[in-house]
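Fold and geometry: a report
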Amino acid sequence: MTEVSSLDSILAGTVTCHTQEDLARKLKEGRPLRVKLGVDPSSPDLHVGHSVQLRYLRRLQDLGHLAVLIVGDATAMVGDPTGKNATRPQLTRDEVDAHAETYLAQAGLILDMKQVEVVRNSSWFDHMGFMDAVRLCGSMTVARMLERDTFSERHKAGVPISMHEFLYPLMQARDSVEVRADIEIGGTDQTFNLLVGRELMRDAEQAPQVCITLPLLPGLDGVQKMSKSLGNAIGLTDPPRDLFGKAMSVPDALMPDYFRLATDLSEEEILKWLEGSPREAKGALALALTRLYHGEAAAKSASEEFDRIFRDKGLPDEIEESSLPPEMLVDGQGVWLVKALQRVGLVSSASEARRLIKGGGVRVDDQRVSDEQQHLAGGGTYVIQVGKRKFHRVVVP
RNA sequence: GGGGGAAUGCCCGAGUGGUUAAUGGGGACGGGCUGUAAACCCGUUGGCUUUGCCUACGUAGGUUCGAAUCCUACUUCCCCCA
């Protein structure tokens, strides 16, 4: 690799880099750089927001560098306070273990797993004593912690901040020392945490890591950053149908971000789509995104199915089917629709089913139901539908 | 350690003894319009065997014909002082 082209290609698509001088110096050494990305196994699935960072990391791998993935199983038990207005629930070791496993499998969808070093940060934190932690705290001042908007806002608003939350940036920084990171990447909201790493590395007489921040992808609500807990995320392992459908519901204004950050379309293609009909562009976006994780064929059929269900108001390819047990039959009337809806999980309570029927949101074999007392006659098979996209086929004994 | 304040439905937040699952907003869901976008309009938003019943206003008791509202204890949080 030539150092000049590498510098440019490393900086492409990034938001900030602290510092370019350090990066240039490291590149000059001509060795593969250790690029650290910490993942917080606080939920079992990766989403398209994570893919921005993973895809960037993959690019660096392709340039010959090594990805160092830190599974933050120790830090997950603390919880990153970034962007949170409340203390996070602490996870148990078992939960974290389970999440770490699925994370790695999912990261493999994007990264070249042959060029990855995976470490759990519990492997050093578990062995640190209390006095080590005290020493770690000594490298940070309260004033600097309180400077952080996330803390100062909470503090001003009277929202409690637990002591251990101050530990998070220090732990993340400590990880950098342990793995001797050359570069650490993260979303722009991670700037502070990344920079603390530089300080701890200097204290440990290591060359400070280069901190690279990447754009954050807004979630489907178009407001907050994509996050599973906010319910605005597109999961990497979502089935093609869901992935495609969620992509279609991205607000128009966010299409450029999604195109550029989450798909592999070229800038020319993207501009071409953005200049045309928004509906067409959205379809191209959804197709490109789905293709990335499920392949061409699955993406195509998801696209066709989407048109069929929502444009032509048809039925999906596959509809989940269940048979109702005979004890649900009410003498001579069949099965009460409300109970059937509840039974197959289309609604969570009978009251909800009644409400939906009242509101005109329930269909049986494409006929809107208006009578709460509607029963499904015995010996038949029916497609029941709630809203526009929930279908279930029930077999009534 | 001392003093003051607060805890209400998914979230924020009214309500301070007597029609009421509890004003309003946000979110979510359903309907209309549509491109499962945005905007807009309407409806719903504790549960059930639903013209009625049950459970709910931090927890546990108490006063009362009657409490989210009053009293006691407990728990948690916030603020001020030290």
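My aim in this report is to walk through the structure given alongside it, one point at a time.

The rules behind each value
- Residues numbered from 1 in each chain as written.
- Chains lettered and ligands numbered in written order.
- Predicted model: local features only at pLDDT ≥ 70, side-chain atom pairs only at ≥ 80, totals over all residues.
- Heavy atoms only, no water.
- Near = heavy atom within 4 Å.
- Polar contact = N/O pair within 3.5 Å; in protein donor to acceptor, adjacent residues only side chain to side chain.
- Nonpolar A, V, L, I, M, F, W, Y, C, P; charged D, E, K, R; others polar.
- Pairing = 2+ DSSP bridges.
- Helix = DSSP H or I, 4+ residues; strand = E, 2+ residues; numbered from the N terminus.
- Salt bridge = Lys/Arg side-chain N within 4 Å of Asp/Glu carboxyl O.
- Buried < 20%, exposed > 50% of the residue type's maximum accessible area, 1.4 Å probe, protein only.

This next bit is on the protein's contact with RNA strand B. Lining the immediate surroundings of RNA strand B are 27 residues, of which Asp252, Phe306, Lys339, Ser351 and Arg355 lie closest. Atoms of RNA strand B within 4 Å of the protein: sugar and phosphate make up 66%, bases the balance. A distance of 3.5 Å separates a phosphate oxygen of RNA strand B from a polar atom in the side chain of Gln342. At a separation of 2.2 Å, a phosphate oxygen of RNA strand B approaches a polar side-chain atom of Arg355. Here the residues of the surface near RNA strand B are counted per class, giving 9 nonpolar, 9 polar and 9 charged.

Here the focus is the sheet that holds strand β9 (residues 334-336). Sheet architecture is open: 3 strands sit in the order β8-β9-β12, paired in antiparallel fashion. For this open sheet the edge positions go to β8 (329-330) and β12 (375-376), each flanked by a neighbour on one side alone. In this sheet, β9 lies alongside β8 in antiparallel orientation, the contact comprising 2 bridges. Bridging from a neighbouring strand, Val330 pairs with Gly334 of β9.

Attention shifts here to the pattern of salt bridges. Overall, the coordinates contain 30 salt bridges when judged by the stated rule. Residue Lys114 pairs with Asp112 through a salt bridge whose shortest N-O separation is 3.9 Å. As a salt-bridge pair, Arg279 and Asp307 come within 3.1 Å of each other at their nearest N and O atoms. Residue classification places Arg279 among the partly exposed residues on the basis of a relative accessible area of 42%.

So far we have only geometry, and geometry alone does not tell us how the molecule works.
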